[in-house]
Each structure stands twice: as structure tokens, then as C-alpha cells.
Amino acid sequence: MPKKDKLPPYVIHPSTALISKGFDPSLSVGSARPAVFRSSTYVFSSPEKAKEAFEVALGKREPSPDTELIYARLSHPNAEILETHLTALEPEAKASAVFNSGMAAISTIFFTFCKPQRNFIYTNPIYGGTHHLISELLTPMQYTGHPVMAGQTEKLQDVIYKTKNLDLIFIETPSNPTLTITDIEAAVEAAQSHPDKPLVVVDNTFMGPTFQHPLEFGADLVVYSATKFLGGFSDLLGGVIIGRSQKHIQQLQGTRAIMGNILQPDECWILDTRLPMVEIRMRSESQNTKLIVEQIKKHPNIIELYHPSLIKDEKQKKIYQKQCNGSGSIFSMRLQGGQKGAFEFLRNLRIIKNAVSLGGMESLCCHPATTTHSEISPERLFELGITDDLVRLSIGIEDHRDLLQDIEQALDY
Ligand SMILES: Cc1ncc(COP(=O)(O)O)c(C=O)c1O
């Protein structure tokens, strides 16, 4: 036996695990990179192994290293390789599941862990699609959601303590598009003292695995729109859930098999190739953003600029310092002249493109009130701080001097 097989396994860091774990070249004819396994169905080595595979899929027994695959709607090799790598991204994570969009992942969480006639709590503002899911699908089906303004720690804890029959607490932090930060640890504390032991789920899309690790603060599940920073090139849709408990992820995979919303093999392969560079990309984008917001913050056409590097509120600052390792590359600003001023700014941009989405290597800018959050009534938008004069930017990896020049000239409308 070679010496390396006699030694205990290394303890390795996430950036090494992303490259060296989760894939055996001998299963891909020696290929140094995984093959794409596009088969919809898998051949069993015996009827007994088929029986075992179905027992595992139905949760009747634990999986073993040689449990065989069944059918690609349940799982497939590229999903398994990707899920192993995603688990390595989060300290405290035990398992992961991949979905064909961020919204597919979020919907699967609600349909797995919430029940009709019972309650869940969510922070507000929240991504428009999640808001749509709650108002157009969950509410008419008698799932009762209780919104709490993002960042209001005491209020959030109070609502958790007072809500009976509570299944889940869904926190999006920082909030989209106002960048308000919610204290994950405080929510977890309240959830743990609640008799129903509701799950705490964090949408970590904005900070990504580089700047915030919700499981370290006691959250049960982290969800990502992998369409954003994980994919990083605005060329694929994907969703990811990472959990501290294998059981929760198995439950989600069970719902995924029913809903048929697993990420396809080609997309899994592409997303997997992007993961080792996520941290490098995010750090470069965040550095660019810091330099830009620092330069423009005093521009006379900016009424207010929201970015974690410029927090003024003392309570927000404390949560940020405890919870985040960096400020990220999304920022929003309120501009002089209401919607007209915001639209002029968008029209003037020459490098940064007017598009929704974020987290790509190219910079994008949008007007949330009339796009991503436009289904919400004007009165409610105003209460949530999604005002007519607000634009949201996602800064990419271009040279920050060019982006700065573009933003500065666009601000002079
Ligand atoms: C914070 C957040 N969560 C979830 C989603 C939904 O992701 P997807 O578009 O991949 O379904 C988005 C999309 O913009 C988002 O910004």
C-alpha cells in the first residue's frame, strides 16, 4: 500500500478542498477534470443495489459510499461533485443541494419546511421574486408570513417569541436593495428558545461565501442565487442550499425530486469550474466598490449612498463588524430629481449596463422600484425605502478608474 494511503486524511482549507476533493479521476477515465454525465438514467449493478438505492432515496436507510444512482431528476454525478465542493465553502456545513435557480431553491425551502395554516417570519425588504412567492403563492395557500423590517434586532426577536406555530425564519442580509444588515445570531438565539424550534434560513446571495458565513452564527440553512456571485459571469441560472444538517438537505433533495428542479449536468459542471475563483473575483469587486463609493459619496446629486463600508448607524455598524468579513460589491444610492434623476443617471452610463441581476464580472445598474421590486405597491415601496430615486449597482472586475469616470460623468445630469 502506498505511504499516502496509510496516513490519516489532511485537514484542508476551503480553497484547496474546492480543487482537490469530491472527484475521483478514475470514474472519468482518468480525466483530470470531471466529465459531464448527461445520462437521464443509471444502470444498476444488481437488483439488490437497485432496491437499496430506492430505500436511500425514500429516506428508509442512510446512504453508503457505494449507493448507486437512479435517475437524474433525483441526483447525478455532476450534482454530487458540485454539492461536495459547495459544502466545503461553509464552515459547519454537512451537505448541500443544487437547484435550477435561486428561486427554485427558495421555493423548495418553503414547501419542505413550512405547512399551510402555520407561520413563518421574513425580513423586509426582500428580493422581489421572494416577495412574489410569498404574496402570490404562499399567502393564497394559507401559509402565513410575518414581515419584519431588516436590521431591527429587538423587533425580530419579539416577533419570533410571540409567533405561535412557527416553522421558519427567512433572513435576507444585506437586504436587496437597501443593504440593511440583520443580526443572524440574534435571530438564532430567539429561534432556539422558541418551543417550535423554527429553522433559521439566510439568503446570503449578496455577501457570498467570501464575506459572510451564516452557519457560523447558528443558521440552519444558507441559500444562494448561484446565478450571481457563484456563477459570476451572468451566463447561467442556478440555486444552492448549504446546511448544517444532512437530514435537512436530504429532505430538500426529496422535495427537489418531486418538483424536478435539480440543476442540470452541464450547468453543474460550469458552476463547479467557477467556484475556485469566487473568492478572488469577489475580493477584487469589493475592492473596486470601496474605492468608487469613497470617491463619489460627496457628489451633490447623491442624497444617500448605501454600502456596508459607509454605515453610519451605530447598531448597523456593530452587526456588520460581528457578521461580515468584507463589504461586498453591491451599493445603492438615492439621487436628486426623483425617478427622472435616476433614469437620467442610467441613461448617461456608458460602461456600466442597465440590467437587473448582480454579482457578474461586469458592472450592472438598475432602478429597483420599476423593475426588480415593481410588483410592490408605491406606498409599500416607500415604507421599505425602495424610493423612486434609488438605483442599485453591482460592481465588476473592470478597472475601477474607468468605472469611476463612468459613474461621475453619469451623475452630472
Ligand atoms: C437576494 C436574491 N435572492 C434570490 C434571488 C433569485 O435568484 P434567481 O434569479 O437565480 O432565481 C435573487 C435574484 O436577483 C436575489 O437577488
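Residues numbered from 1 in each chain as written. Predicted model: local features only at pLDDT ≥ 70, side-chain atom pairs only at ≥ 80, totals over all residues. Heavy atoms only, no water.

**Remarks on the site of the ligand**
Then, in step 1: Neighbouring the ligand are 13 residues; Gly102, Met103, Asp203, Ser225 and Thr227 lie closest to it.
Then, in step 2: In the environment of the ligand, an oxygen atom lies 2.8 Å from a nitrogen or oxygen atom belonging to the backbone of Met103.
Then, in step 3: Across the complex, the protein chains shield 92% of the 390 Å² of accessible surface that the ligand would expose by itself.
Then, in step 4: Tallying contributions element by element places helix 5 (residues 102-113) first for the shell around the ligand, with three residues. (Near = heavy atom within 4 Å. Polar contact = N/O pair within 3.5 Å; in protein donor to acceptor, adjacent residues only side chain to side chain. Areas by Shrake-Rupley, 256 points an atom, 1.4 Å probe, with all protein chains shown as cover. Helix = DSSP H or I, 4+ residues; strand = E, 2+ residues; numbered from the N terminus.)

**Describing the packing of aromatic side chains**
Then, in step 1: Considering all chains together, one arrives at four aromatic pairs under this definition.
Then, in step 2: Both rings, one in Phe110 and one in Phe120, keep their centres 4.9 Å apart while their planes meet at 65°; by these two values the pair is edge-to-face. Of the two residues, Phe110 sits in helix 5 while Phe120 sits in strand 2 (residues 119-124), which places them 10 residues apart along the sequence. When sorted by exposure, Phe110 lands in the same class as Phe120, which is buried.
Then, in step 3: Measuring from ring centre to ring centre gives 5.9 Å for Phe120 and Tyr122, while their planes differ by 40°; the resulting arrangement is tilted. The two residues Phe120 and Tyr122 agree in class, both being buried.
Then, in step 4: Within the aromatic cluster, the residues linked to one another by ring pairs are Phe110, Phe120, Tyr122 and Phe170.
Then, in step 5: In this structure, Arg256 packs its charged tip against the face of Phe99, placed 5.8 Å from the ring centre. (Phe/Tyr/Trp six-rings, centres within 6.5 Å; stacked < 30°, edge-to-face > 60°. Buried < 20%, exposed > 50% of the residue type's maximum accessible area, 1.4 Å probe, protein only. Lys NZ or Arg CZ within 6 Å of the ring centre and 35° of its normal.)

**Points about the domain arrangement of the chain**
Then, in step 1: If you check the domain split of the chain, you get domain 1 (14-276) and domain 2 (279-411).
Then, in step 2: The distance between the C-alpha centroids of domain 1 and domain 2 comes to 27 Å.
Then, in step 3: In this assembly, 41 residues from domain 1 lie in contact with 42 residues from domain 2.
Then, in step 4: Across the interface of domain 1 and domain 2, roughly 3,500 Å² is buried in total on both sides, 59% from carbon and sulfur atoms.
Then, in step 5: Sorting the residues of domain 1 by area buried against domain 2 places Ile181, Phe211 and Phe229 first, and these three jointly supply 23% of that buried surface.
Then, in step 6: Viewed at the interface, domain 2 and domain 1 are joined by two salt bridges.
Then, in step 7: For Lys322, the salt bridge goes to Asp183, with nearest N and O atoms at 2.9 Å.
Then, in step 8: Put simply, domain 1 and domain 2 have 17 residue pairs in polar contact (both at pLDDT 80 or more) between them.
Then, in step 9: Elements that contribute at least two residues to the side of domain 1 that touches domain 2 include exactly helix 6 (128-138), helix 7 (153-162), helix 8 (184-192) and helix 9 (208-211).
Then, in step 10: Tallied by class, the residues present in the side of domain 1 that touches domain 2 amount to 16 nonpolar, 20 polar and five charged. (Domains from an automatic or database assignment. Contact = heavy atoms within 4.5 Å. Buried area = accessible area lost by both parts, 1.4 Å probe. Salt bridge = Lys/Arg side-chain N within 4 Å of Asp/Glu carboxyl O. Nonpolar A, V, L, I, M, F, W, Y, C, P; charged D, E, K, R; others polar.)

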